[in-house]
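Architecture and fold: a report
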Amino acid sequence: MEADETFTQIPLSIDPSTKAISTSDSSLHSEIDELNQLHRAIIGLDTPNGVPPPPAPVNPKRSVQITKMRESGNASLKKGAYQEAVKMYDMAMRMAMDRPPFEASGLVREELCALYNNRAQAYMAQQMWPEAAVDAESAVEMKRIGNIKGWWRRGQCLREMGRMEEAKDWVRQGLDFERAGPEKQQVGELEALQREVLKALEKS
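Bear in mind that the values here come from a model prediction, so they are computed numbers and not experimental data.

What the rule picks out here adds up to 2 aromatic pairs. For the pair W151 and W170, a centre-to-centre distance of 4.6 Å together with 45 degrees between the ring planes defines the contact as tilted. In this pair, W151 is assigned in helix α6 (residues 148-160) and W170 in helix α7 (residues 164-178), connecting sequence segments 19 residues apart. This pair shows no difference in class: W151 is buried, exactly as W170 is. Between the aromatic rings of W151 and F177, the centroid separation amounts to 5.6 Å while the plane-to-plane angle is 20 degrees, which identifies the pairing as stacked. Placement of the pair is W151 in helix α6 and F177 in helix α7, with a sequence separation of 26 residues. In this structure an aromatic cluster arises from ring pairing among W151, W170 and F177.

Dropping the structure here:
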């Protein structure tokens, strides 16, 4: 016997001027926010009839702003202004993550990989090992091959936190990926970290 069909009315309302959707159901807020964000991105398009373009073209203004903020963060990092660097990276990451979904996702992953890596370095400079470890892992999730910095930074953070077994497994995994990648001639730093971790484990 088929189950009875149930109709559930969702409490939605629309703003007559902005056309934004809202709801009194708190469980739907994240979905409604995504829908409104997509709507704003589409009506802001400078294309015939407001039709989203194919994935290849991207908004050059956004790319320029993200690059500028990353470079400002790098400059602050070199000067030792670590908190200012983190602030710049935060802003650039938010802008990258707010790219509309019809833009190339590969570009977003490349941008976020570099920004997570840079912010991890800023955290490491402040000895904020857990925060740096999370960012370095996020960078690796965005790009597993050709990302020696991300692998090394999280391995170093785990080592600094005394989590040697995790560091050993992480660095080994990183070497497996990178030795098969385009930067296989540059794994010396990662191999050196592996030797240090193994030596520390022998002494413990």
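Now that the structure has been shown, we can carry on.
Right, let's get into the domain arrangement of the chain. Note: interface size is frequently given as the accessible area lost on complex formation between the parts. What the domain assignment reports for the chain is domain 1 (61-132) and domain 2 (144-203). For domain 1 versus domain 2, the separation of C-alpha centres amounts to 23 Å. Contacts between domain 1 and domain 2 engage 9 residues on the former and 9 residues on the latter. Together, N117, M124 and W129 form the three largest contributors to the area buried by domain 1 at its contact with domain 2, with a combined 69%. Linking domain 1 with domain 2 are 4 residue pairs in polar contact (both at pLDDT 80 or more), by the criterion used here. Elements that contribute at least two residues to the side of domain 1 that touches domain 2 include exactly α4 (105-125) and α5 (129-142). A per-element tally of the side of domain 1 that touches domain 2 places α4 first, with 6 residues. Its residues assigned to classes, the side of domain 1 that touches domain 2 comprises 6 nonpolar, 3 polar and no charged.

In this section: the layout of surface pockets. Roughly 180 Å³ of volume is contained in the second largest pocket. Elements that contribute at least two residues to the lining of the second largest pocket include exactly α4 and α6. Sorting elements by how many residues they give to the lining of the second largest pocket places α4 first, with 5 residues. By residue class, the composition of the lining of the second largest pocket is 2 nonpolar, 4 polar and 4 charged. Counting contributing residues per domain, the lining of the second largest pocket is built from domain 1 (61-132) and domain 2 (144-203), each supplying no fewer than three.

Take the side chain of S76 next. Along the chain, the position of S76 falls in helix α2 (residues 60-79). Residue S76 is classed as buried on the basis of its relative accessible area, which comes to 8%. When neighbours within four sequence positions are excluded, S76 is seen to be in contact with A81, E84 and A85.

The next subject is the nonpolar core. Within the largest apolar cluster, 22 residues are counted, with the highest numbers of intra-cluster contacts made by Y89, L112, L115, A122 and C157. Within the residue set of this core, elements represented by two or more residues are α2, α3 (82-97), α4 and α5. Ranked by residue count, the leading element in this core is α4, at 8 residues. Those residues in contact with L115 that lie beyond four places of it in its chain are I66, R70, Y89, A92 and M93. Grouped together as the second largest cluster of nonpolar side chains are 14 residues, V140, M164, L175 and L190 included.

So, how was this worked out
- Residues numbered from 1 in each chain as written.
- Predicted model: local features only at pLDDT ≥ 70, side-chain atom pairs only at ≥ 80, totals over all residues.
- Heavy atoms only, no water.
- Phe/Tyr/Trp six-rings, centres within 6.5 Å; stacked < 30°, edge-to-face > 60°.
- Helix = DSSP H or I, 4+ residues; strand = E, 2+ residues; numbered from the N terminus.
- Buried < 20%, exposed > 50% of the residue type's maximum accessible area, 1.4 Å probe, protein only.
- Domains from an automatic or database assignment.
- Contact = heavy atoms within 4.5 Å.
- Buried area = accessible area lost by both parts, 1.4 Å probe.
- Polar contact = N/O pair within 3.5 Å; in protein donor to acceptor, adjacent residues only side chain to side chain.
- Nonpolar A, V, L, I, M, F, W, Y, C, P; charged D, E, K, R; others polar.
- 1 Å grid on protein atoms, 1.4 Å probe; cavity = no way out; pocket = protein on both sides within 12 Å on 5 of 7 lines; lining within 4 Å.
- Points joined across faces, edges and corners; volume = space filled by probe spheres on them.
- Core = buried A, V, L, I, M, F, W, Y, C linked by side-chain atoms within 4.5 Å.

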